[in-house]
Amino acid sequence: PTKWNGSDWLKIGLISAGTFLIMETTDKPVRNAVLKDQRYFNSVPIEFGRIWGDLPAPIVLFSGFAIHSWIADDIGTRKIAYEIGQASIYAGVVTYLLKLTIGRARPYMNEGPNTFHPFSSLFIADYHSLPGGHTTAGFVLSTVLSRNSKPVWLKVLAYLPAALTFVSRIYQDKHWTSDDFMGAALGYFIATWVVDKHEKNKSIVEISSSYPLSI
């Protein structure tokens, strides 16, 4: 934050304003609507969305790309592995600190969308609703994969799992809509920042290799 510029603070302001607006206008109606029909609670799309945002997902993807890069000596998959690992760690730390600080009650607690217990517990998840951690993780993965894809259709398709994560956490009554909105924004912007850093370093290396220094 000490190195943020005006556009960074604008993003934070828009995310905060959007979260507050959804909290005040959308959270209750959406929850009431999804609770009326829970036929798809354990359906494949809903469960896939949950799994995409679960802790094992970034570990599996990081390991897969890392192993491939080692076997094939592929710098491209090595870059993806680093970006998944780095962005997931950053996002995990930021999300947990916000959850702990805000202390918002999850919808299944039936305390309403405006109940907060800051610093109530380090490990009990009942008051760790905002932001949505699964959705943050899901959008980190999808953003990294999308940024490293070339065809436009694949860039768009990469966000389908993250969208399912967004929906599943609301549908399974684990999060309010505003929780997932903030989580999605955090995941996207953190992953974008990490990929941009790697792309910048990659460009510097490529320029340096094109113009070797004379001794």
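So, here's what we can say about the structure. (Residues numbered from 1 in each chain as written. Predicted model: local features only at pLDDT ≥ 70, side-chain atom pairs only at ≥ 80, totals over all residues. Heavy atoms only, no water.)

1. Observations concerning a nonpolar patch on the surface
Here is the rule we go by: Surface patches are defined over residues having more than 30% relative accessible area and no salt bridge, joining like charges when they lie within 9 Å and nonpolar side chains (Val, Leu, Ile, Met, Phe, Trp, Tyr) when within 5 Å. All accessibility values rest on the Shrake-Rupley procedure with a 1.4 Å probe; residue burial counts only the protein chains present in the view. Here, a salt bridge means any Lys or Arg side-chain nitrogen found within 4 Å of an Asp or Glu carboxyl oxygen. Helix numbers and strand numbers start at the N terminus; a helix is a DSSP run of H or I with at least 4 residues, a strand a run of E with at least 2. The buried label goes to any residue with under 20% of its type's maximum accessible area, the exposed label to any with over 50%, and the partly exposed label to all in between, with areas taken from a 1.4 Å probe on protein chains only.
Together, Ile89, Tyr90, Val93, Tyr96, Leu97, Leu122, Phe123 and Trp193 make up a nonpolar patch on the protein surface, roughly 860 Å² of accessible area in all. No other element matches helix H5 (residues 75-102), which puts 5 residues into the nonpolar patch. By secondary structure assignment, the location of Tyr96 is in helix H5. Judged by relative accessible area, which is 31%, Tyr96 ranks as partly exposed.

2. Quick look at the side chain of Ser168
How we decide: Throughout this description, a polar contact denotes any pair of N or O atoms lying within 3.5 Å of each other; where both atoms belong to protein, one of them has to be capable of donating a hydrogen while the other can accept it, and for residues adjacent in sequence the pair is counted only when both atoms sit in side chains. Only heavy atoms matter for contacts: two residues are in contact if any of them lie within 4.5 Å across the pair.
Among the secondary structure elements, Ser168 is positioned in helix H8 (residues 160-171). In this structure Ser168 comes out as buried when scored by relative accessible area, which is 0%. For Ser168, the side chain forms a polar contact with the main-chain oxygen of Thr165, separated by 3.0 Å. Not counting residues within four places of it along the chain, the set of residues in contact with Ser168 comprises Ile46, Gly49 and Arg50.

3. Some thoughts on H8
To keep it simple, the criterion reads: Here, expected helix span is obtained from the residue count minus one, scaled by 1.5 Å.
End to end, H8 covers 16 Å across 12 residues, agreeing with the expected 16 Å (1.5 Å per residue, within 8%). Restricting attention to buried positions, one finds in H8 the residues Pro161, Ala162, Thr165, Ser168, Arg169, Ile170 and Tyr171. Count one or two residues on from H8 and you reach Asp173, which has phi positive near 65°.

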